[in-house]
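Overview (structure and organization)
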Amino acid sequence: MSSDKKRTIFFNLLLMIASIIVTLLITECIFRLVSPQNLTGSWFVSTDSGLLVNKSSGTAKHQHGDRIVRYSFYEPNFRGTPIKENGIKILVVGDSFTFGFLLEEEDTYVYHLQQYTDNEFGAGVFQYLNAAVGGWGTADYVAYVEDFGNIVKPDIILVFFNGMDINRSVNRGIYTLSDENKLMLKRHILKLPKLKYFINSIPCYQWLIENSHLAQFAKTSILTRQYNSKIRKQTVSKKKLAQQPSSQSNASYEKDSDLVKQTVSRKQLAQMPSSQLNVSHDRDSDLVRALFKRMKIWCHTNHISLCITTTGWYNMSHALGNTNEFFKSIDLPFLDIAPSVYEKIGDNRSEFILHGDGHPNEKGSKLIADMSWKLFIKKQLLEYDRATRKQ
């Protein structure tokens, strides 16, 4: 090949690369002007068992309109603070409320609880470790405790029970009932999200999605398409189940603990005959009861105190009936702070939630911290402190 031809090929290659770069820059400018994106990074990772957790290092940017926050992460999968060698460790599990969705670290209710505890018992006596993940349910809490409990070695586990915990536990399929009468659970290994792993492995991916509107749009489009495809497949499976006669559906459920046969959307539940509706409601309650019993056994075996409260944001009785009686039946310390939270909020709910979103804002987060501390957590820690002093 002659030198002139080589130069021509090289020049054409440079021209093509330059054209691609210019096109991307122009497209980026158009997105910034016409369709600006929320430049949010990625902080979710999956374990080998398919459990979704926070990443264990670094930071992540989260944007919603004009609100921009940055989260910090530490081993293993904690937001806000690393494990300290000394002190009584309180492992906190919950969903996006407990994680502190769109809140700076010092505005989360876990942070406020740390301040209240330091003021009561002295700095460094207790340490709160926030392992909460957006989208988690009770099944995720149990799975995290089983997978990471022996690594964290907590002294106390504090659960913030929330409105969607039951539905998520049913739909996630991490655990299913293998024996309804004895409330025995079977754990399943979930499929790892291969597409997400591939995207996360792209060099500079985190920087791109936190700074480029075009990259953020591409990421959102891909993940939305994948999610919609998954929902369509689940809907088809659920419709087939809903069309079965009641007796056949119950027989199939008893014979096969497959997730699809245990998962029914709330819309379909509303359309079911009352006899089928009661069966589905009882199964959900049985699953949650079995999950908390499983966590209780793990904690007892490892000499760990377990206590449960709510975020106070939702009325939990629609799913479990009398929640205090529900947890009393499995002998677990519990208090629903919702009545006190509702009393404080009154008709001014908009003052306590993020604009355009139902999550607590700074004021709402502080309210959850205040109510849970005054009504429940302080008492639990005082009892724990007295018990350990006697030993």
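Up top you'll find the structure we're talking about.
Keep in mind it's a predicted model, so treat the numbers as computed, not measured. (Residues numbered from 1 in each chain as written. Predicted model: local features only at pLDDT ≥ 70, side-chain atom pairs only at ≥ 80, totals over all residues. Heavy atoms only, no water.)

**Points about the nonpolar core**
In terms of nonpolar packing, the biggest core is built from 46 residues, with Tyr-144, Ile-157, Val-159, Phe-161, Phe-292 and Met-295 touching the most fellow members. Once residues lying within four places of it in the same chain are set aside, the contact partners of Phe-161 are Thr-138, Ile-166, Val-288, Phe-292, Ile-308, Thr-309, Thr-310, Thr-311, Met-316, Leu-320 and Phe-327. (Core = buried A, V, L, I, M, F, W, Y, C linked by side-chain atoms within 4.5 Å. Buried < 20%, exposed > 50% of the residue type's maximum accessible area, 1.4 Å probe, protein only. Contact = heavy atoms within 4.5 Å.)

**Re the packing of helix α15 (residues 338–345) against helix α16 (residues 362–390)**
For the pair α15 and α16, the least separation of the axes is 10 Å and the interaxial angle reads 135 degrees. Relative to α16, α15 is oriented oblique. The element α15 and its partner α16 pack so that their crossing is right-handed. Every residue of α16 that contacts α15 at Ser-340, Val-341, Lys-344 and Ile-345 is listed here: Leu-367, Met-371 and Leu-375. Of the residues that constitute the contact of α15 with α16, the class distribution is five nonpolar, one polar and one charged. (Axes fitted to C-alpha atoms, helices over the stretch in contact; angles between N-to-C directions. Helix = DSSP H or I, 4+ residues; strand = E, 2+ residues; numbered from the N terminus. Parallel < 35°, antiparallel > 145°, perpendicular 65-115°, else oblique. Left-handed = near helix turned anticlockwise from the far one by under 90°. Nonpolar A, V, L, I, M, F, W, Y, C, P; charged D, E, K, R; others polar.)

**Some points on the packing of helix α4 (residues 138–152) against helix α5 (residues 165–172)**
Helix packing geometry: the angle between the two helix axes and the distance between the axes. Following both chains from N to C, one finds α4 and α5 inclined at 70 degrees, their axes separated by 6 Å at the closest point. It follows that α4 is roughly perpendicular to α5 by the angle criterion. In this structure, α4 contributes Thr-138, Ala-139, Asp-140 and Tyr-141 to the contact, and α5 contributes Asp-165, Ser-169 and Arg-172. Its residues assigned to classes, the contact of α4 with α5 shows two nonpolar, two polar and three charged.

**Let's talk about the side chain of Asp-165**
With respect to the helices, strands and loops of the structure, Asp-165 is situated in helix α5. Look at Asp-165: it is buried, it has no salt bridge, and the nearest opposite charge is Arg-168 at 4.4 Å. Beyond its immediate chain neighbours, meaning those up to four positions away, Asp-165 contacts Asp-95, Trp-136, Gly-137, Thr-138, Tyr-141 and Phe-160. (Lys, Arg positive; Asp, Glu negative; His and termini not counted. Salt bridge = Lys/Arg side-chain N within 4 Å of Asp/Glu carboxyl O.)

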